[in-house]
Amino acid sequence: MAAYEKRRAAAAPAPAAGSGPAEPLGAAAGGGPGGEAEFLLRSGVTAMVREALLKVLEARPEEPVSFLADYFERLVLGGPGAAEAAAELPAPPQRLARALWYVRLAHHSHRTAFNNNISTAYEVLGASGRRRRPGVDGRLYSELLRRICQLGAAPQEVSGALLRRVQCRDHEAVPFDVFRYGVLTCFVLLEFVAKAHALYDVLDGGTGAADKRVCQAVLRTLEEALGGSDFSVPVRYLEAGSKLGPDCLALAMDRALQERKLSASMSREEFLKKATALFVAKVKPVD
């Protein structure tokens, strides 16, 4: 039966174009052992996939599959020449969206990939048609920082206070070092806020309200940890916060509870504002 099916398949004439299902990939490419590879080369798929993989290795995103999906979607929507036109996006909103996409690809702990992505975002924002400006426009830089801060759960007044320290005037050309410092500081703030949320979850024990004495003791301990460090590099905020080990926090909480006084509660919002205010107070302003 199997031999009969093979003879029947060999004798069957090839269907006319448009009159039936497409031929197998190998037959369309010549039927030889290298037919599939030849088809991929001729259609440009091999070069396209190779370029996409190189982009993944360059950006090192936290979610490679999502990155590839977005990459191919942009490639299709952009049409021919989309790669060459990437540095000449027509309007600030498109350039801001693309810059934000780049800076979010890799976590700041992956320094090489993060720096490469920030450099690409800087080039995207600095491109204005055929005219290249010596730096990023201060208005676009400040707007990018504002959009980064909106990604997390940082209190609005805290984000505003941080932005006033790291943003530049609208007419200024922002050098790359300042651009990198501002972007990194905003991402560190988001991570600091996430850690403060997790800390409050421990303090309230799932009740939704934490003892005010304990919260104040923890905030004092956090302030001491932040106060004894050099914060010329924003990531050191997180390093200082990591010094608040379980033993250190437990000791501070025990001392607070030993006071035997009636205490009100502290809400999550109040705790976050106080904790992040300590962070912002240590941020070095941009000159």
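Residues numbered from 1 in each chain as written. Predicted model: local features only at pLDDT ≥ 70, side-chain atom pairs only at ≥ 80, totals over all residues. Heavy atoms only, no water.

Asker: Whenever I open this one, the overall build of the protein confuses me. Can you help?
Answerer: Helices and strands together make up the secondary structure of the protein, namely 15 helices and six strands. Within the protein, the fraction of its 287 residues that count as buried is 36%. For the protein, contacts bridging at least 24 residues in sequence account for 73% of all contacts bridging at least 6. Roughly 17000 Å² of accessible area belongs to the protein as shown, and the carbon and sulfur atoms make up 55% of that amount. (Helix = DSSP H or I, 4+ residues; strand = E, 2+ residues; numbered from the N terminus. Buried < 20%, exposed > 50% of the residue type's maximum accessible area, 1.4 Å probe, protein only. Contact = heavy atoms within 4.5 Å. Areas by Shrake-Rupley, 256 points an atom, 1.4 Å probe, with all protein chains shown as cover.)

Asker: When you look at the packing of aromatic side chains in this model, what are you seeing that I'm missing?
Answerer: The geometry of an aromatic ring pair is captured by two quantities: the separation of the ring centres and the angle between the planes. Counted according to the given criterion, the structure contains seven aromatic pairs. Ring centres of Tyr122 and Phe176 lie 5.3 Å apart, and the angle between their planes is 85 degrees; on these two criteria the pair is classed as edge-to-face. Placement of Tyr122 in helix H8 (residues 111-126) and of Phe176 in helix H11 (residues 176-204) is noted, with a sequence separation of 54 residues between them. Accessibility expressed as a relative area gives 16% for Tyr122, which makes it buried. The exposure class of Phe176 is partly exposed, given its relative accessible area of 29%. Taking 5.1 Å as the distance between ring centres and 45 degrees as the angle between the ring planes, the aromatic pair formed by Phe192 and Phe279 counts as tilted. Remark: Phe279 occurs in helix H15 (residues 268-282) and Phe192 occurs in helix H11; sequence separation between them is 87 residues. For Phe279, a relative accessible area of 0% puts it in the buried group. Taken together, the ring pairs in this structure connect Tyr122, Tyr141, Phe176 and Phe179 into an aromatic cluster. (Phe/Tyr/Trp six-rings, centres within 6.5 Å; stacked < 30°, edge-to-face > 60°.)

Asker: Help me understand the side chain of Asp137, please; the structure alone is not making it clear to me.
Answerer: Relative to the helices and strands, Asp137 resides in strand E3 (residues 136-137). With a relative accessible area of 13%, Asp137 lands in the buried category. Within polar-contact distance, the side chain of Asp137 engages the backbone nitrogen of Arg139 at 2.8 Å. Those residues in contact with Asp137, other than ones at most four positions away along the chain, are Asp170, Glu172 and Val174. (Polar contact = N/O pair within 3.5 Å; in protein donor to acceptor, adjacent residues only side chain to side chain.)

Asker: Looking at this structure, I do not really get the state of the cysteines. What am I missing?
Answerer: By definition, a disulfide links the sulfur atoms of two cysteine residues through a covalent bond. Overall, the coordinates contain zero disulfides when judged by the stated rule. Cysteine Cys186 is unpaired, with the sulfur of Cys149 as its nearest cysteine sulfur at 3.7 Å. Overall, Cys186 belongs to the buried group, its relative accessible area being 0%. (Disulfide = S-S within 2.5 Å.)

Asker: So what exactly am I meant to see when it comes to the confidence of the model for the protein here?
Answerer: If pLDDT is low for a region, its predicted coordinates should not be looked at in detail. Per-residue pLDDT for the protein averages 74, and the proportion of residues at 70 or more is 67%. Contacts for the low-pLDDT stretch residues 244-249, under 50 throughout, to residues beyond four places or in other chains number eight contacts. (pLDDT = per-residue confidence, 0-100.)

Asker: It is not clear to me how the pattern of salt bridges should be interpreted in this structure. Could you clarify?
Answerer: Note on pairing: side chains with opposite charge can pair once their charged atoms come close. Taken as a whole and judged by the stated rule, the model has seven salt bridges. With a closest N to O distance of 3.1 Å, Arg147 and Glu143 form a salt bridge. Residue Arg147 and its partner Glu143 are both found in helix H9 (residues 138-149); the two are separated by four residues, about one turn of the helix. Look at the salt bridges and you will find they share partners, linking Glu143, Arg146 and Arg147 into a network. (Salt bridge = Lys/Arg side-chain N within 4 Å of Asp/Glu carboxyl O.)

Asker: Help me understand helix H7 (residues 92-103), please; the structure alone is not making it clear to me.
Answerer: Owing to its 3.6 residues per turn, the α-helix aligns residues three or four sequence positions apart on the same side. Look at H7: 16 Å from first C-alpha to last across twelve residues, which is about the 16 Å you get at 1.5 Å a residue. When we look at burial in H7, the residues that qualify are Arg95, Leu96, Arg98, Ala99, Leu100, Trp101, Tyr102 and Val103. (Expected span 1.5 Å × (residues − 1).)

Asker: What is the right way to read the nonpolar core from this model?
Answerer: Within soluble globular proteins, side chains that are nonpolar tend to cluster in buried spots. One finds Leu144, Ile148, Phe179, Val183 and Phe271 to be the most contacted residues of the largest nonpolar core, which totals 60 residues. At the level of elements, helix H4 (45-59), H7, H8, H9, helix H10 (156-166), H11, helix H12 (212-227) and H15 are the ones that each hand at least two residues to this core. (Core = buried A, V, L, I, M, F, W, Y, C linked by side-chain atoms within 4.5 Å.)

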